[in-house]
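Residues per chain are reported as follows:
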Amino acid sequence: MKYFDAHCHVQFDPYDLDRAAVIASMQEKQVGGMVVGVDLDSSVKALKLVENLPNFYASAGLHPNYVLDERFDEDSFRAILRHPKMKAVGECGLDNFRPEDVETAKIEQRKVFEKHIELAIEADKPMMIHSRPSKGTQDAYRDMIDILRTYKREYGDRLRGDIHFFVGSTEEARDFLDLGFTMSFTAVLTFARDYDEVVRFLPLTSIITETDSPYVAPSRIRGQRNDPVSVIDVVQSIAEIRGEDEKVVREAVLMNARTLFSV
Ligand SMILES: [Zn+2]
């Protein structure tokens, strides 16, 4: 394995017609991947998909945007998380960007997120966190940092994880570093310059790569479905932005993913 896409959704419908080819191209380019569930059904699908594939792993959770549509079935999640291919709890977290009724959603999101934290601590697995602030603010990150700090005081290093699709500022980055969390970046780095500062600010030991496929394709295929092999573009962008050697960056971010997720 040369690259690791720490967050993709190749179990989703857009891959129904060519999933085997997408996986074959990942294998050919030595890209491993974490297939992330967003509800119980997609978490079970993720596990089934990776079960017999070397360098593929799964994560199970209920995405904050679905907490009003699906009851968090703690026992079922606990059961699938026992599987050795299940390497993280999530995606889970807080999203102030999408809900129509943010205030109602916030209460439920927080409750469900705290249940994920407790499951992760119980299972001794890292968290895959989604945190999306409302436009022009860092609100969901500030709330997230407060919640994680409270649990960190009680559980220490048992509480660990990655802030997926990180779009916060250096201030939030510093707070997540203090909590011992990594932050992962997508191919948004290939076409937006808003995150260059935070990519330079972070120590290389705290950066992880991902694609969030099928979303956010890199500039070379902008507007099309994204595929996990685009994690190669993400590594190139990080190296360029930081002015560091691509091989050094590739090996470091791979090691970070291996360490955090035990893959
Ligand atoms: Zn996702």
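Now for a quick tour of the structure. Throughout this document, residue positions are counted from 1 along each chain, in the order its sequence is written. It should be noted that, the model being predicted, local features are given only for residues of pLDDT at least 70 and side-chain atom pairs only at 80 or more, the latter also being counted only at that level, while totals for whole chains, interfaces and linings use all residues.

Quick word on the overall build of the protein chain
Next, step 1: Numbering of helices and strands runs from the N terminus; a helix is a DSSP stretch of H or I covering at least four residues, while a strand is a stretch of E covering at least two. Along the backbone of the protein chain there are 9 helices and 8 strands.
Next, step 2: Radius of gyration here uses only the C-alpha atoms, and the compact-globule reference equals 2.2 Å multiplied by the residue count raised to the power 0.38. The C-alpha radius of gyration computed for the protein chain amounts to 17 Å, which stays within 12% of the reference 18 Å derived for 263 residues, consistent with globular compactness.
Next, step 3: For the C-alpha atoms alone, the extent of the protein chain along its principal axes is close to 40 × 40 × 35 Å.
Next, step 4: As a rule, residues whose C-beta atom has 12 or fewer other C-beta atoms within 10 Å are exposed, those with 20 or more are buried, and those in between are partly exposed; C-beta atoms are placed from the backbone. Across the 263 residues of the protein chain, 47% fall into the buried class.
Next, step 5: Here, residues touch in the contact sense if the C-beta positions derived from the backbone fall within 7 Å of one another. Residue pairs in contact within the protein chain that sit at least 24 positions apart in sequence constitute 72% of those at least 6 positions apart.

Some details on unusual backbone geometry
Next, step 1: In this model, Gly90 is joined to Glu91 through a cis peptide bond whose omega is 20 degrees.
Next, step 2: One can find Glu91 in strand β4 (residues 86-95).
Next, step 3: Here Ser213 and Pro214 are connected by a cis peptide whose omega angle stands at 10 degrees.
Next, step 4: In this structure, Pro214 sits in the loop between β8 (207-209) and α8 (231-242).
Next, step 5: Positive phi outside glycine occurs at Val216, with the angle close to 45 degrees.
Next, step 6: Mapped onto the fold, Val216 is located in the loop between β8 and α8.

A closer look at the pairing of strand β3 (residues 56-60)
Consecutive residues of a regular strand have side chains that alternate between opposite faces of the sheet.
Next, step 1: By the criterion of burial, β3 is predominantly enclosed, with 5 of the 5 residues buried.
Next, step 2: Residues Phe56, Ala58 and Ala60 of β3 are buried on one face, and the alternating residues Tyr57 and Ser59, pointing to the opposite face, are buried as well.
Next, step 3: We call two strands paired when DSSP finds no fewer than two bridges between them. Taken together, the 4 bridges between strand β2 (residues 31-36) and β3 define a ladder with parallel strand orientation. Across the sheet, Val35 pairs through a bridge with Ala58, a residue of β3.

Considerations on the sheet that holds strand β6 (residues 161-164)
Next, step 1: Here we have 8 strands laid out as an open sheet, ordered β1-β2-β3-β4-β5-β6-β7-β8, and parallel in their pairing. In this open sheet, the two strands that pair with only one neighbour each are β1 (3-8) and β8. Sheet twist, expressed as the average angle between the axes of neighbouring strands with direction ignored, equals 30 degrees. To get an axis, fit a line to the C-alpha atoms, keeping to the stretch in contact for a helix; angles then go from 0 to 180 degrees between the N-to-C directions.

Some points on the packing of helix α2 (residues 40-50) against helix α3 (residues 74-81)
Next, step 1: At their nearest, the axes of α2 and α3 sit 11 Å apart, and the two run at 10 degrees to each other. Considered as vectors, α2 and α3 are oriented roughly parallel to each other. Contacts between α2 and α3 involve Leu40, Ser43, Val44 and Leu47 on the former and, on the latter, Ser76, Phe77 and Ile80.
Next, step 2: For this classification, the nonpolar set comprises Ala, Val, Leu, Ile, Met, Phe, Trp, Tyr, Cys and Pro, the charged set comprises Asp, Glu, Lys and Arg, and every other residue, Gly included, is treated as polar. Tallied by class, residues from the contact of α2 with α3 come to 5 nonpolar, 2 polar and no charged. The labels follow the angle: roughly parallel below 35 degrees, roughly antiparallel above 145, roughly perpendicular from 65 to 115, and oblique for the rest.

With respect to the nonpolar core
Next, step 1: We define a nonpolar core as a collection of buried residues of the types Ala, Val, Leu, Ile, Met, Phe, Trp, Tyr and Cys that are connected via C-beta atoms lying within 7 Å of each other. Formed by 71 residues in total, the largest nonpolar core has its most connected members in Met34, Val35, Ala58 and Val89.
Next, step 2: Ranked by residue count, the leading element in this core is helix α9 (residues 246-261), at 6 residues.

Things to note about the pairing of β1
Next, step 1: Of all 6 residues that make up β1, 6 are buried, and the element is covered over most of its length.
Next, step 2: Judged from the 4 bridges that link them, β1 and β2 form a sheet pairing that is parallel. Across the sheet, residue Cys8 finds its bridge partner in β2, namely Val35.
Next, step 3: Consider the strands pointing away from the viewer: the crossover is right-handed when the path from the first strand over the helix to the second runs clockwise. Between the parallel pair β1 and β2, the chain is carried across by helix α1 (residues 19-28), and the sense of this crossover is right-handed.

Structural notes on the environment of Glu154
Next, step 1: Within the secondary structure, Glu154 sits in helix α5 (residues 139-155).
Next, step 2: Classification of Glu154 as exposed rests on a count of 9 C-beta atoms within 10 Å.
Next, step 3: It is 22 Å that separates the C-alpha atoms of Glu154 and Gly61, two residues lying 93 residues apart in sequence.

With respect to the environment of Val248
Next, step 1: Mapped onto the secondary structure, Val248 falls in helix α9.
Next, step 2: According to the C-beta neighbour criterion, Val248 is exposed, with 12 such atoms within 10 Å.
Next, step 3: Each C-alpha atom of the pair Val248 and Phe185 lies 17 Å from the other, and the pair is 63 residues apart in sequence.

Interpretation in functional terms is not warranted from these geometric data alone.
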